[in-house]
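Below are the chains, spelled out letter by letter.
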Amino acid sequence: FIASACATKDPDPTAHRVALDAQADAALAALDSQVPDARELVAKARGILVFPDVKTAGLVVGGSWGDGVLRSGGSTAGYYRTGGASVGLLAGGDSKAVYVLFMTQEALDKFNHANGWTIGADASVTFATHGGDASVDTRTGQRPVIGYVLTHSGLLLNASLDGAKVSRLGT
């Protein structure tokens, strides 16, 4: 099931990209409204990789997959796919939006020049959380790559996507 879902090709790549752009806009608006302290980091980011709908499913062995958009300088700079597998105590599925903020030009350039990119191996992503004061930790704000994960119920705390692979969608 998971392998077939990951391998499914969209019959119309142009329509898929238009839909991804619209979904990324909606996901960024959701991040802005649900996590107000993200606003400043998003504004400072050199690039933002937005996966508006990453699905996870499994029973003991599982996986996650989703397509997304890289935004840089206010426009779309590319389209990407993420996927990963896991083994362990799994049962069920969920859907979440994933945001990877490249805070430095060096981090963005490294991502752009990679032939495939793995979270945790090619870059350590510090996942932002917020507390009662709704402010991002000072140390988190200084990291080169920062991530957010939103579920339908809000910000997912203690998130990790280590091992998730990101690759550019073909033209």
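We now turn to the structure provided with this report. What you see is a predicted model; the values in this text were computed from it and never measured.

**Quick look at the overall build of the protein chain**
(1) Moving on: The helix and strand tally for the protein chain stands at five helices and seven strands.
(2) Moving on: Listing every helix and strand of the protein chain by position from the N terminus yields α-α-α-β-β-α-β-β-α-β-β-β.
(3) Moving on: A burial count over the protein chain gives 41% of its 171 residues as buried.
(4) Moving on: Partitioning the intrachain contacts of the protein chain with sequence separation of at least 6 by distance along the chain shows that 69% fall at a separation of at least 24.
(5) Moving on: As displayed, the protein chain has an accessible area near 9300 Å², and 54% of this comes from carbon and sulfur atoms.

**Some points on the pattern of salt bridges**
(1) Moving on: Evaluated as defined, the whole model comprises six salt bridges.
(2) Moving on: The partner of Arg-71 in a salt bridge is Asp-21, with the nearest N and O atoms 3.5 Å apart. In this pair, Arg-71 sits in strand β1 (residues 47–72) while Asp-21 sits in helix α2 (residues 13–34), placing the two residues 50 residues apart along the sequence. The residues Arg-71 and Asp-21 share a single accessibility class, namely buried.
(3) Moving on: In this structure, Arg-81 engages Asp-67 in a salt bridge whose closest nitrogen and oxygen atoms are separated by 2.6 Å. In this pair, Arg-81 is assigned in strand β2 (residues 75–102) and Asp-67 in strand β1, connecting sequence segments 14 residues apart.

**Observations concerning the packing of aromatic side chains**
Between two aromatic rings, the relevant description is the distance of the centres plus the angle of the planes.
(1) Moving on: All chains considered together, the criterion is met by two aromatic pairs.
(2) Moving on: Ring plane angle 50 degrees and centroid distance 5.0 Å describe the contact between Tyr-80 and Phe-111, whose orientation is recorded as tilted. Linking Tyr-80 in strand β2 with Phe-111 in helix α4 (residues 105–113), this pair joins segments that are 31 residues apart in sequence.
(3) Moving on: Where Phe-102 meets Phe-111, the ring centres are 5.0 Å apart and the plane angle is 35 degrees; that geometry is what we call tilted.

**Some words on the environment of Gly-116**
(1) Moving on: Relative to the assigned elements, Gly-116 resides in the loop between α4 and β3 (117–118).
(2) Moving on: Judged by relative accessible area, which is 33%, Gly-116 ranks as partly exposed.
(3) Moving on: Measuring from C-alpha to C-alpha, the distance between Gly-116 and Tyr-80 comes to 9.8 Å, with 36 residues separating the pair along the chain.

**Quick notes on the nonpolar core**
(1) Moving on: One finds Leu-31, Val-50, Tyr-99, Leu-101 and Tyr-148 to be the most contacted residues of the largest nonpolar core, which totals 21 residues.
(2) Moving on: Secondary structure elements with two or more residues in this core: α2, α3 (38–44), β1, β2 and β5 (145–151).
(3) Moving on: Here the element with the most residues in this core is α2; it accounts for five residues.
(4) Moving on: Once residues lying within four places of it in the same chain are set aside, the contact partners of Val-50 are Ala-24, Ala-27, Leu-28, Gly-68, Val-69, Val-98 and Tyr-99.

**Remarks on the environment of Ile-48**
(1) Moving on: For Ile-48, the location among the structural elements is in strand β1.
(2) Moving on: Its relative accessible area of 8% is what places Ile-48 among the buried residues.
(3) Moving on: Sequence separation between Ile-48 and Leu-108 is 60 residues; the distance between their C-alpha atoms is 8.9 Å.
(4) Moving on: When near neighbours in sequence (up to four residues on either side) are disregarded, Ile-48 contacts Leu-28, Val-42, Val-69, Leu-70, Arg-71, Val-100 and Leu-101.

**A few points about the environment of Leu-49**
(1) Moving on: Here Leu-49 is to be found in strand β1.
(2) Moving on: Separated by 117 residues in sequence, Leu-49 and Val-166 place their C-alpha atoms 10.0 Å apart.
(3) Moving on: Residues contacting Leu-49, with those up to four places away along its chain left out, are Val-69, Leu-70, Tyr-80, Val-98, Tyr-99, Val-100, Phe-102, Phe-111 and Val-166.

**A word on α2**
(1) Moving on: Compared with the 32 Å implied by 1.5 Å per residue over 22 residues, the 31 Å span of α2 between its first and last C-alpha is a close match.
(2) Moving on: Taken together, the buried positions of α2 are occupied by Arg-17, Leu-20, Asp-21, Ala-24, Ala-27, Leu-28 and Leu-31. Across the axial projection of α2, the buried residues extend over an arc of 130 degrees, all falling on one side. Exposed residues lying more than 90 degrees from the buried face of α2 are Val-18 and Ser-33.

Here is what the cut-offs are and how they apply
Residues numbered from 1 in each chain as written. Predicted model: local features only at pLDDT ≥ 70, side-chain atom pairs only at ≥ 80, totals over all residues. Heavy atoms only, no water. Helix = DSSP H or I, 4+ residues; strand = E, 2+ residues; numbered from the N terminus. Buried < 20%, exposed > 50% of the residue type's maximum accessible area, 1.4 Å probe, protein only. Contact = heavy atoms within 4.5 Å. Areas by Shrake-Rupley, 256 points an atom, 1.4 Å probe, with all protein chains shown as cover. Salt bridge = Lys/Arg side-chain N within 4 Å of Asp/Glu carboxyl O. Phe/Tyr/Trp six-rings, centres within 6.5 Å; stacked < 30°, edge-to-face > 60°. Core = buried A, V, L, I, M, F, W, Y, C linked by side-chain atoms within 4.5 Å. Expected span 1.5 Å × (residues − 1). Arc of directions from axis to C-beta.

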